[in-house]
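Take a look at the letters that make up each chain.
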Amino acid sequence: MITVSHLTKRYGDKYALNDVNFDVKKGEILGFLGPNGAGKSTTMNIITGYISYTEGEVKVDGYDIMDNPMEVKKRIGYLPEIPPLYLDMTVWDYLEFVFALKNVKTTDMKEHLQSVIDTVKIDGVKNRKISNLSKGYRQRVGFAGALIGDPDILILDEPTVGLDPKQIIEIRNAIKELGKKKTIIFSSHILSEISSVCDRVIIINKGKIVAEDTPQNLSAKIGDAQRMMIRVSGDKEQAESILESFDSVSNVTCVSSLGDTFDFEFDTKMSNEDKKELFFAFAQNSIPILLQQETEVSLEEIFLKLTSAKEANYESDIQ
Ligand code: ADP
Ligand code: MG
């Protein structure tokens, strides 16, 4: 449905995208995962015809974005990072405006707008001015705009950013539901969110794709190890050797120290039994544990695990 080949975007001599290749099959939900500045929005803006590119080729349903931009745009509903809403319009008026702009062929406009409104659950605010809506509702109005004209493809740029947990779950569920009928690209910088919604994940960093796989295979590659932090008071070397004596602990690093208080981080697959043993091992050596917490594996760590040294060197060229 979407084919992106050798896509490169340069701003001056800086690469926003560097030789990006991927495709999206009909009916697939593709997750686009990467930190800020990775190139997610740039890729989406190019596929939707909002910005041009430097090199490469993008085809949507067989149409080249350069040669047939109108055919491409007709097939795509786009929710940009910051939806271009007209704040002084009511929700309904704005959606009517989008309907006219997209030149939708459906005969019954009212019925169509209402079905879109129901899909994103904004019926209660449809007569309110957009300027009076919360961030979450504005995002849903943008989502509604993307759904107008019932496009086969949806491109959603970080649709859950800035929303509260309840709204995030609603948006995710809406995406899953829509994914039964549509082809979707959905970007995020949260691995767990992408994994729970998508059939396939592309991880992009600094303008390059670093991994492409199913959520299941990715978590197998990244490992199910937890990152854990403990703060202890006592001898640093002794604390370190206690940690390292555990088979289930690896990659121990001392991340900060203050007097005789040290923060250690390490990867672990500890069972509760192991955790008890760790606690007693420190206690027996008169090293109290002041703080212990599990941290989510960061995108940086995921990249380290997925990226070869060669690619890591490459990063310095484009930053
Ligand atoms: P993401 O959406 O993944 O956060 P972007 O696609 O917005 O990343 O940005 C990718 C890179 O391109 C960033 O380094 C960003 O600073 C750069 N970039 C984006 N737009 C412009 C622009 N108009 N001019 C110069 N650099 C830009
Ligand atoms: Mg972005």
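See the structure shown above.
My aim in this report is to walk through the structure given alongside it, one point at a time. This is a predicted model, so every value here is computed, not measured.

## Structural notes on the nonpolar core
- In terms of nonpolar packing, the biggest core is built from 48 residues, with Leu95, Ile122, Phe143, Ile175 and Ile203 touching the most fellow members.
- Among the elements that take part in this core, helix 3 (residues 91–101) stands out by supplying six residues, more than any other.
- Beyond its immediate sequence surroundings of up to four residues, phenylalanine 143 is in contact with Leu79, Val120, Leu154, Leu156, Ile171, Ala174, Ile175 and Leu178.
- Core analysis: the next-biggest nonpolar cluster, separate from the first, contains 26 residues, Leu30, Phe32, Ala38 and Tyr53 among them.

## Notes on the coordination of the magnesium ion (ligand 2)
- At this site the magnesium ion (ligand 2) is bound by Ser41 (OG) and Glu81 (OE), with donor distances of 2.0 to 2.7 Å. One end of the pair, serine 41, is in helix 1 (residues 40–47); the other, glutamate 81, is in the loop between strand 6 (76–79) and helix 3, and 40 residues separate them in sequence.
- Residue glutamate 81 is classed as partly exposed on the basis of its relative accessible area of 39%.

## Some remarks on the packing of aromatic side chains
- This model, assessed by the stated rule, comprises seven aromatic pairs.
- A ring pair is formed by tyrosine 86 and phenylalanine 97, whose centres lie 5.3 Å apart and whose planes are at 85 degrees; its orientation type is edge-to-face. Of this pair, tyrosine 86 sits in the loop between strand 6 and helix 3 while phenylalanine 97 sits in helix 3, and the two are 11 residues apart along the sequence.
- Looking at tyrosine 86, the relative accessible area reads 41%, which means it is partly exposed.
- Across the ring face of tyrosine 50, the terminal group of lysine 73 is positioned such that the distance to the ring centre comes to 5.8 Å.
- Against the face of tyrosine 137 rests arginine 140, its NZ or CZ located 4.6 Å from the ring centre.

## A short note on the sheet that holds strand 3 (residues 29–33)
- The six strands are arranged 6-7-8-3-9-10 in an open sheet whose pairing can be described as mixed. With partners counted over all chains shown, the strands left at the sheet margins are strand 6 and strand 10 (208–213), one partner each. Within the sheet, the average angular offset between the axes of one strand and its neighbour, ignoring direction, is 15 degrees.
- With four bridges joining them, strand 6 and strand 7 (residues 153–156) adopt parallel strand pairing. Each residue of the ladder has a partner; that of tyrosine 78, found in strand 7, is isoleucine 155.
- Relative to strand 8 (residues 183–188), helix 1 is tilted by about 150 degrees, and along the sheet it contacts strand 3, strand 6, strand 7, strand 8 and strand 9 (200–205).

Criteria and cut-off values
- Residues numbered from 1 in each chain as written.
- Chains lettered and ligands numbered in written order.
- Predicted model: local features only at pLDDT ≥ 70, side-chain atom pairs only at ≥ 80, totals over all residues.
- Heavy atoms only, no water.
- Core = buried A, V, L, I, M, F, W, Y, C linked by side-chain atoms within 4.5 Å.
- Buried < 20%, exposed > 50% of the residue type's maximum accessible area, 1.4 Å probe, protein only.
- Helix = DSSP H or I, 4+ residues; strand = E, 2+ residues; numbered from the N terminus.
- Contact = heavy atoms within 4.5 Å.
- Donors = N, O, S within 2.8 Å, 3.2 Å for Na, K, Ca; no water.
- Phe/Tyr/Trp six-rings, centres within 6.5 Å; stacked < 30°, edge-to-face > 60°.
- Lys NZ or Arg CZ within 6 Å of the ring centre and 35° of its normal.
- Pairing = 2+ DSSP bridges.
- Axes fitted to C-alpha atoms, helices over the stretch in contact; angles between N-to-C directions.

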